[in-house]
Amino acid sequence: MAVDKIALYRKYRPHNFDNLVGQDHVKTTLINAIKGNNVSHAYLFTGPRGTGKTSTARLIAKALNCANLKGDFEPCDECEFCSDINEARLIDLIEIDAASNRGIDEVRDLKEKIQFAPTKSKCKIYIIDEAHMMTKEAFNALLKTLEEPPTHTYFILATTEVHKIPETIISRCQRFDFKRVSSKAIMTRLTYIAQIEGIEAEDKALEMISKYVDGGLRDAIGLMEQLTSNGELTSEHVQDVLGISDYSLIDSLFEKLTEKNTKDSLDIVNNLHSQGSDLRQFVHEFIQHVRDNMLMSVAKNDMANVAEFIKIIEILEKAQEKISSSTIPQLPLEIAIIQITQSPEYHAVEEPTTQVIRQEKDEERPHKKIENIASVQENEETKFDLNLENLKQYWPRITERIKTPALKMSLRESAPVSLEDSVITLEFATKFHKEKVMEHDNRVELEMIIKDFFDHPVKISATIKEIAIQPKHEKYLFYRDGFAFPLL
Ligand SMILES: [Zn+2]
């Protein structure tokens, strides 16, 4: 098994820049350097394990030595030098593991050895892996060499812990930060490998592995191989071995939480616990799931849902910290579920049991509490005359009473502009918010609240402002990973 694992990982190491997964920024810069005959004599590759640092270092070695670089400056992968590098037998490519005893000696000897010209190829390349493990003496020796590197010599330092590399070394290197590979890119690569290798892999199994490895492609390939038995990779097996939660439970808890169904949500957690599931791992995966939904809502500009998802994530993150130290491991998660499902801002119908929690929450926000009391008193004692002036003046207070988050959100973008025969016309900046408010249930909820406030029945109509003003969150968008984010 162990031998096969190495074989499979080695087999699917990127043999050219085109096959390098998830590091496009590194790829582009390096290919340009090769094109311009401008390859630096010292590189520092930093980033998490298994993201392609040493593979990229070997690609540079290939590109510098290849006898027939292709038109797009890719190594040919066929010539003597390319083959020797693939087989790890090119004498002028010296790979040093700084973490090993031998590595320490090798770095110490660098200064003398480095003066010799390459034996066979055009360039001599030193790849120093785990470079942060070098001793002070070794760093000093390397520093002298980096100050005046011989023309034929190149250094590539790879590390997962760049903060342990002296500034003097960093400043002499061109630095590349390798990113965690996205789970989507890992999934694509695993699917490709499974096809070539004839592994019957369930998509769900590959997805689980892709998410589990936290951006490390090498680990993903290793796991895929390890978990394949008799040419099959099943999600059930992956789930068992890695202790990954059942995705259907994540889905159903998500559904129940967003429905504010406290009882069913608590049942799911109790089932998880009695099955012996790792609750911390479950919460971790669940938060990821909510995050995915949050980013999707951002992309759709559905800001009411985004606010709700942020709230769920914040509550669950606090619970996650407490799970290990709690005497009843499922308790922090249960409390979190109650907080989420009974949260006053997202609760359509208030039940008596919510009172205590609501009061606690209000105590955290004293100004809100005062406001609430004030509005309750007004509600009971004072009724205002229904006229346009009062409508405008008390509009923020009226909208504050809305229970449905999406409606509340959309009303923030509205203003009452006319009142005729008990018909209130609201003006909106965008069609989106106008339509949201005019949805049947939302419109009725708003009409009821206004009726309560003025003790007078009303109807709502809506228009769009002539000169459209962009809602606040559309003004300040920046893009990352293909998603649009509001700058809050
Ligand atoms: Zn070649």
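Below: a short report on this structure.

Turning next to the overall build of the protein chain. For the protein chain, the count of helices and strands is 23 helices and 12 strands. Counting across all 488 residues of the protein chain, residues that qualify as buried make up 29%. Restricting to contacts in the protein chain with at least 6 residues of sequence separation, those with at least 24 account for 69%.

Leaving glycine aside, a negative phi is the common case for residues, and trans is the common case for peptide bonds. Unusually for a residue other than glycine, N37 sits at a positive phi of about 50°. When you line up the elements, N37 lands in the loop between α2 (24–35) and β1 (42–46). Phi angles above zero are rare outside glycine, and N301 is one such case at about 65°. Looking at the element boundaries, N301 is found in the loop between α14 (279–299) and α15 (303–323).

Let us look at the environment of L146. Among the structural elements, L146 can be located in helix α6 (residues 136–147). A count of 19 C-beta atoms within 10 Å places L146 in the partly exposed class. It is 7.9 Å that separates the C-alpha atoms of L146 and I169, two residues lying 23 residues apart in sequence.

Here the focus is the sheet that holds strand β8 (residues 414–420). Taken together, 3 strands build an open sheet; the order of strands is β8-β9-β10 and the sheet is mixed. Strands at the two margins of the open sheet, each flanked by one partner only, are β8 and β10 (459–464). Strand-to-strand twist in this sheet, taken as the mean axis angle between neighbours without regard to direction, amounts to 30°. As paired strands, β8 and strand β9 (residues 423–428) are joined by 6 bridges and run antiparallel to one another. Within β9, the residue paired with S414 across the bridge is F428. Helix α21 (residues 431–438) contacts β8, β9 and β10 of the sheet and is inclined by roughly 170° relative to β10.

Next up on the list: the packing of helix α8 (residues 183–197) against helix α10 (residues 217–227). The geometry of α8 relative to α10 is characterised by a closest axis approach of 10 Å and an angle of 40° between their N-to-C directions. Classified by the angle their axes make, α8 and α10 are oblique. Regarding α8 and α10, the two cross each other, and that crossing is right-handed. Between α8, through I186, R189, L190 and I193, and α10, the contact on the second element is made entirely by L217, A220, I221 and M224. Broken down by class, the residue content of the contact of α8 with α10 amounts to 7 nonpolar, no polar and 1 charged.

A separate point is the sheet that holds strand β4 (residues 153–159). With respect to topology, 5 strands assemble into an open sheet ordered β2-β3-β4-β1-β5, the strand pairing being parallel. Each edge of the sheet is formed by a strand with only one pairing partner; in this case those strands are β2 (93–97) and β5 (174–177). Pairwise comparison of adjacent strand axes, ignoring direction, gives a mean angle of 15° for this sheet. Bridge analysis of β2 against strand β3 (residues 124–129) gives 5 bridges, and the strand direction is parallel. Each bridged residue has a counterpart across the sheet, and for D97 the counterpart in β3 is D129. Each of β1, β2, β3 and β4 is contacted by helix α3 (residues 53–65), which is oriented at about 170° to β4, the strand it contacts most.

Mapped onto the secondary structure, H433 falls in helix α21. Residues H433 and S414 lie 19 residues apart in sequence; the distance between their C-alpha atoms is 8.1 Å. Setting aside residues no more than four positions away along its own chain, H433 makes contact with S410, E413, S414 and F428.

Attention now moves to the pairing of β1. Across the 5 residues that make up β1, a large majority, 5, are buried. Burial along β1 is two-sided: A42, L44 and T46 facing one way and Y43 and F45 facing the other are all buried. Relative to β4, β1 runs parallel, the two sharing 5 bridges. Bridged to F45 within β4 is A158. Note that β1 and β5 share 4 bridges and pair parallel. Note on β5: the bridge partner recorded for F45 is F176.

So, how was this worked out
- Residues numbered from 1 in each chain as written.
- Predicted model: local features only at pLDDT ≥ 70, side-chain atom pairs only at ≥ 80, totals over all residues.
- Helix = DSSP H or I, 4+ residues; strand = E, 2+ residues; numbered from the N terminus.
- Buried ≥ 20, exposed ≤ 12 C-beta atoms within 10 Å, placed from the backbone.
- Contact = placed C-beta atoms within 7 Å.
- Pairing = 2+ DSSP bridges.
- Axes fitted to C-alpha atoms, helices over the stretch in contact; angles between N-to-C directions.
- Parallel < 35°, antiparallel > 145°, perpendicular 65-115°, else oblique.
- Left-handed = near helix turned anticlockwise from the far one by under 90°.
- Nonpolar A, V, L, I, M, F, W, Y, C, P; charged D, E, K, R; others polar.

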